[in-house]
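Take a look at the letters that make up each chain.
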Amino acid sequence: MKKLTERIEHHIEELSKYTATPGNGTTRLSYSHEDLQARNYIKQQMQASGLTVREDGLGNIFGKLDGTIEGAPSVMIGSHFDSVPNGGAYDGPAGVVAAFEVAELFHQNNLKPKYPLEVVALVEEEGARFGGGLMGSRGMTGLLSEEEFKSLTDKDGISTVEAMQKIGLDSSLPKERDSKTMKAFLELHIEQGPILEEKNISIGVVEAIVGLTQFEVTVTGKAGHAGTTPMDRRTDALVAAAKIISQLPELVIQEGNGTVITTGRLNVFPNGANVIPDKVVFTVDIRSGKEANVQNIIKNMHELFGTHNQNGIEVVAEQRLYMQPKELNQGIRSLLKESSTELDIPYCSIDSGAGHDAMVFSDFTDVGMLFIPSKAGLSHCPEEWSDAEHIAQAVEIFYETAKKLTEVESE
Ligand SMILES: [Zn+2]
């Protein structure tokens, strides 16, 4: 029998063949010919591991190992299998492959769980065909209504329903799932950032999906002629804004905990080469896994703005967006760490700076998530690469965790 790592490498390689852009990364749009090829492969693997396979009205694929308790909720493991155009072979598939290898271990060891183990491969997480993203998980949890689903079209005007029909999928099957049918959801995903590689740690236990807040800041001064206004008579809004922006990084460096701050947009008025700017509008984007950190930054930022509110300069900040950080389930995080320790696999805590299907499920059931390193932090490109050894370690951790969550009776 092939070793776990070799099996994983093989699956990733097979799935990467189902691309509309051979030689130029993975392009696998939902309900495309390549989706159908990958879908058939995934279903075959699920069947080979003794799972009962079905698809829902969104085209999500489920493979289920029944539990001994009648009607008990499932411990679900999985990720998405669509891609962005010219993406990589790991974003999504790493998590799907990990899930079916956990089921394969249950199969090989002939485990009888009390609660069902369910492997899931989700559609349209990237939103590359129908926009918005996270469609498979949002549809399952009722966050995307039947009408909304039906009204979605791709760039050629083909609807979700038509596209599904073309590859033989039945969109009239049930989509929504009762939250009572799920006991937990586990997802492995590539980090898509540089942290784990730099730390040289193969497993990140995700503590939270970061919260996000955005401000629009308006600095007002006084316009004047660039040639005739002496330096000591100026109320230059851009000079003031530049000073403020240059002080922002220091605020989050003091705060720590991976908190980040970005000014990504700046508009200068009147924006003439020979006019002293009288108004500058810029954005501030703050992200952190802990709400307390976000709140501290906001408070300190307002104080900073206050110190610049003088000599004719006025600074006004308006909050435009506030999304709370989502802490993942404490119990599952502990189980994942416990399992890592038992297996002697070093791990570290990490926050997810991006949204994932796991985030959607976190309002629905108990969610746990693992990250593995991304080579050079690259993702959404053909160069995207992760180590199959790291996926194998995640499989082992999920296997131990799933045994506990499904309450396996004997081995
Ligand atoms: Zn992804």
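All of the points below concern the structure found in this document. Keep in mind it's a predicted model, so treat the numbers as computed, not measured.

Reading the values: rules and limits
Residues numbered from 1 in each chain as written. Predicted model: local features only at pLDDT ≥ 70, side-chain atom pairs only at ≥ 80, totals over all residues. Heavy atoms only, no water. Donors = N, O, S within 2.8 Å, 3.2 Å for Na, K, Ca; no water. Helix = DSSP H or I, 4+ residues; strand = E, 2+ residues; numbered from the N terminus. Buried < 20%, exposed > 50% of the residue type's maximum accessible area, 1.4 Å probe, protein only. Polar contact = N/O pair within 3.5 Å; in protein donor to acceptor, adjacent residues only side chain to side chain. Contact = heavy atoms within 4.5 Å. Salt bridge = Lys/Arg side-chain N within 4 Å of Asp/Glu carboxyl O. Core = buried A, V, L, I, M, F, W, Y, C linked by side-chain atoms within 4.5 Å. Phe/Tyr/Trp six-rings, centres within 6.5 Å; stacked < 30°, edge-to-face > 60°. Lys NZ or Arg CZ within 6 Å of the ring centre and 35° of its normal. Expected span 1.5 Å × (residues − 1). Arc of directions from axis to C-beta. Axes fitted to C-alpha atoms, helices over the stretch in contact; angles between N-to-C directions. Left-handed = near helix turned anticlockwise from the far one by under 90°. Nonpolar A, V, L, I, M, F, W, Y, C, P; charged D, E, K, R; others polar. Pairing = 2+ DSSP bridges.

### Some remarks on the coordination of the zinc ion
Right, on to step 1. Bound to the zinc ion on the protein side are H80 (NE2), D91 (OD) and H189 (NE2), at distances that span 2.0 to 2.2 Å.
Right, on to step 2. Written as a sequence motif, the donor arrangement for the zinc ion is H-x10-D-x97-H. With D91 in the loop between β3 (74–80) and α3 (93–108) and H189 in strand β5 (residues 182–190), this residue pair connects regions lying 98 residues apart in the sequence.
Right, on to step 3. For D91, a relative accessible area of 4% corresponds to the buried category.

### What to know about the side chain of H11
Right, on to step 1. Tracing the chain through its elements places H11 in helix α1 (residues 4–16).
Right, on to step 2. Within polar-contact distance, the side chain of H11 engages the side chain of E101 at 2.8 Å.
Right, on to step 3. Leaving out residues up to four positions away in the same chain, H11 has contacts with Y41, Q45, V97, F100 and E101.

### Quick look at the pattern of salt bridges
Right, on to step 1. Going through the model one piece at a time under the given rule, you end up with 24 salt bridges.
Right, on to step 2. Residues E55 and R39 are paired through a salt bridge, measuring 2.9 Å at the closest nitrogen-oxygen approach. Of the two residues, E55 is situated in strand β1 (residues 52–55) and R39 in helix α2 (residues 33–48); the sequence distance between them amounts to 16 residues.
Right, on to step 3. A salt bridge links E338 to K404; the shortest N-O distance between them is 3.7 Å. Taken as a pair, E338 in helix α10 (residues 330–342) and K404 in helix α12 (residues 388–406) lie far apart in primary sequence, 66 residues in all.
Right, on to step 4. On the basis of relative accessibility, which here comes to 40%, the residue E338 falls in the partly exposed class.
Right, on to step 5. Residue classification places K404 among the partly exposed residues on the basis of a relative accessible area of 30%.
Right, on to step 6. Linked through salt bridges whose partners overlap, the residues forming this network are D35, R39, K43 and E55.

### Re the nonpolar core
Right, on to step 1. In terms of nonpolar packing, the biggest core is built from 88 residues, with Y31, I42, L188, L370 and I391 touching the most fellow members.
Right, on to step 2. Those residues in contact with Y31, other than ones at most four positions away along the chain, are R39, L58, V123, R129, F130, M135, F149, T160, A163, M164, I167 and L169.
Right, on to step 3. By size, the runner-up hydrophobic cluster in this structure holds 24 residues, among which are L248, V294, I297 and I313.

### Let's talk about the packing of aromatic side chains
Right, on to step 1. Per the counting criterion, the structure on display carries 5 aromatic pairs.
Right, on to step 2. Between Y18 and Y41, the aromatic rings sit 6.3 Å apart at their centres with planes inclined by 50°, giving tilted as the arrangement. Here Y41 lies in helix α2 and Y18 lies in the loop between α1 and α2, a separation of 23 residues in the sequence.
Right, on to step 3. Judged by relative accessible area, Y18 falls into the buried class, the value being 15%.
Right, on to step 4. On the basis of relative accessible area, Y41 is assigned to the buried category, the value being 6%.
Right, on to step 5. Where F361 meets F364, the ring centres are 6.5 Å apart and the plane angle is 55°; that geometry is what we call tilted.
Right, on to step 6. Classification of F364 as buried rests on a relative accessible area of 18%.
Right, on to step 7. R54 extends its terminal NZ or CZ atom over the ring of F62, reaching a point 4.5 Å from the ring centre.
Right, on to step 8. Sitting over the ring of F269, K279 keeps its end group 5.0 Å from the ring centre.

### Describing α2
Right, on to step 1. Taking 1.5 Å of rise per residue, the 16 residues of α2 would be expected to cover 22 Å, and the 23 Å separating its terminal C-alpha atoms lies within 8% of that figure.
Right, on to step 2. E34, D35, A38, R39, Y41, I42, Q45 and M46 are the residues of α2 that are buried. For α2, the buried positions fall inside an angular range of 165° around the axis, keeping them on one side.
Right, on to step 3. Here the buried face of α2 lies against α1, β1, β2 (61–65), α3 and β4 (117–122).

### As for the packing of helix α8 (residues 237–255) against helix α9 (residues 291–307)
Right, on to step 1. Between α8 and α9, the least distance of the axes is 10 Å, while the angle of their chain directions is 145°. Crossing of α8 against α9: the hand is right-handed. When α8 is examined against α9, the residues I244, Q247, L248, L251, V252 and E255 are found in contact with a partner set consisting of A292, N293, N296, I297, N300, M301, L304 and F305.
Right, on to step 2. Among the residues making up the contact of α8 with α9, the classes are represented as 9 nonpolar, 4 polar and 1 charged.

### As for the pairing of strand β6 (residues 203–209)
Right, on to step 1. Here β6 lies mainly inside the structure; 7 of its 7 residues are buried.
Right, on to step 2. Pairing between β6 and strand β15 (residues 347–352): 6 bridges, direction parallel. Each residue of the ladder has a partner; that of V206, found in β15, is I350.
Right, on to step 3. Sheet topology note: the β6/strand β16 (residues 366–372) ladder contains 2 bridges and is antiparallel.

### Some remarks on α10
Right, on to step 1. Spanning 13 residues, α10 covers 18 Å between terminal C-alpha atoms, matching the ideal 18 Å at 1.5 Å per step.
Right, on to step 2. Along α10, the residues that are buried comprise I332, R333, L335, L336, S339 and S340. Around the axis of α10, the buried residues are gathered within 160° of arc, so they sit on the same side. Exposed positions of α10 whose direction lies more than 90 degrees from the buried face are Q330, T341 and E342.
Right, on to step 3. Measuring from the backbone nitrogen of G331 back to the side-chain oxygen at the start of α10 gives 3.0 Å, which picks out N329 as the cap.
Right, on to step 4. Downstream of α10 by one or two residues, D344 has phi in the positive range, about 65°.

### Here's the deal with the environment of N86
Right, on to step 1. For N86, the location among the structural elements is in the loop between β3 and α3.
Right, on to step 2. Among the residues examined, N86 registers a relative accessible area of 27% and is labelled partly exposed.
Right, on to step 3. Taking the C-alpha atoms as reference points, N86 and M140, 54 residues apart in sequence, are found 27 Å from one another.
Right, on to step 4. For N86, the residues in contact, after removing those within four places along its chain, are T21, N24, G25, T26, T27, H380, C381 and P382.

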